[in-house]
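# Secondary and tertiary structure notes
Here is what each chain is made of, one letter per residue.
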Amino acid sequence: MRSTLICAAALLVAISSFGLTEEKRQTKCPVMGGDVDPATSIRMDYQGQRIYFCCAGCPSKFKADPEKYFAKLAAEGIALENIQAACPVTGDALKKRDAFTDYKGRRVYFCCKDCVSAFEKNPPKYLQQLNPISDKSKAS
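All values derive from a computational prediction rather than experimental measurement.

This brings us to the pattern of salt bridges. By the definition in use, this model includes 6 salt bridges. Ionic pairing is found between R50 and D45, a salt bridge with its closest N-O pair at 2.7 Å. The same class applies to R50 as to D45, namely buried. The shortest N-O distance in the salt bridge between R50 and E81 comes to 3.7 Å. Placement of the pair is R50 in strand β3 (residues 49-53) and E81 in strand β5 (residues 81-82), with a sequence separation of 31 residues. A relative accessible area of 14% places R50 in the buried class. Ionic contacts of the salt-bridge type, sharing partners, join the residues D45, R50 and E81 into one network.

This is the structure we're talking about:
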């Protein structure tokens, strides 16, 4: 029994060291800190990420300084819902999601690992290629 517990503990340590633990999902508004629910909260899609807000006033505050809020979410270990459909470098469809990089609070996916290198040379250029800003009063 004791050896089983030791093996289980070792397995948990190994899994967490390889980054295979569950990501922390957004449950709070990045602007005001209120609770959010993906089924009912106001949302905005920005640079391939879906961000949820607690009230109608928060999206405009987010848009005024998105980098501030992306940094806050990243510091809290929040993994935003990624809604990308295409590679920001080539425009090709994303078939697998094994080529990606984390950039200032965003997980950005690519069609291949070569595109990750291109992105890293000029991230702002390629972030502009991702979906435009859209506000939604309810998640669909």
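What follows concerns the environment of K95. Note that K95 resides in the loop between β5 and β6 (100-103). Given the relative accessible area of 79%, K95 is considered exposed. Spatially, the C-alpha atoms of K95 and C112 are 9.6 Å apart, while their sequence positions differ by 17 residues.

It is worth spelling out helix α4 (residues 113-121) at this point. Within α4 the residues assigned to the buried category are C115, V116 and F119. Buried residues of α4 fall within an arc of 110 degrees about the axis and therefore sit on the same side. Every exposed residue of α4 that faces more than 90 degrees away from the buried side is listed here: K113, D114 and K121.

A few words on helix α3 (residues 66-75). Three or more residues of α3 are buried, namely P66, Y69, F70 and L73. Here the buried residues of α3 occupy an arc of 100 degrees about the axis, which is enough to place them on one side. Taken together, the buried residues of α3 touch β2 (42-46), β3, α2 (58-64), β4 (78-79) and β7 (106-109). Among the residues trailing α3, G77 stands out with phi positive, at a value near 75 degrees.

Let us now look at the pairing of β7. In this sheet, β7 lies alongside β6 in antiparallel orientation, the contact comprising 4 bridges. Paired with T101 across the strands is V108, a residue of β7.

The subject of this paragraph is the packing of aromatic side chains. Remark: the centre distance and the inter-plane angle together describe each pair of aromatic rings, the angle taken between the planes. Applying the stated criterion across every chain, the model contains 9 aromatic pairs. Through a chain of ring-to-ring contacts, three or more aromatic side chains come together here, namely Y46, F53, F62, Y69 and F70. A cation over an aromatic ring shows up here: R97 above the ring of Y109, its NZ or CZ 4.5 Å from the ring centre. A cation over a ring is seen here: R106 above F70, with NZ or CZ 3.9 Å from the ring centre.

Reading the values: rules and limits
Residues numbered from 1 in each chain as written. Predicted model: local features only at pLDDT ≥ 70, side-chain atom pairs only at ≥ 80, totals over all residues. Heavy atoms only, no water. Salt bridge = Lys/Arg side-chain N within 4 Å of Asp/Glu carboxyl O. Buried < 20%, exposed > 50% of the residue type's maximum accessible area, 1.4 Å probe, protein only. Helix = DSSP H or I, 4+ residues; strand = E, 2+ residues; numbered from the N terminus. Arc of directions from axis to C-beta. Contact = heavy atoms within 4.5 Å. Pairing = 2+ DSSP bridges. Phe/Tyr/Trp six-rings, centres within 6.5 Å; stacked < 30°, edge-to-face > 60°. Lys NZ or Arg CZ within 6 Å of the ring centre and 35° of its normal.

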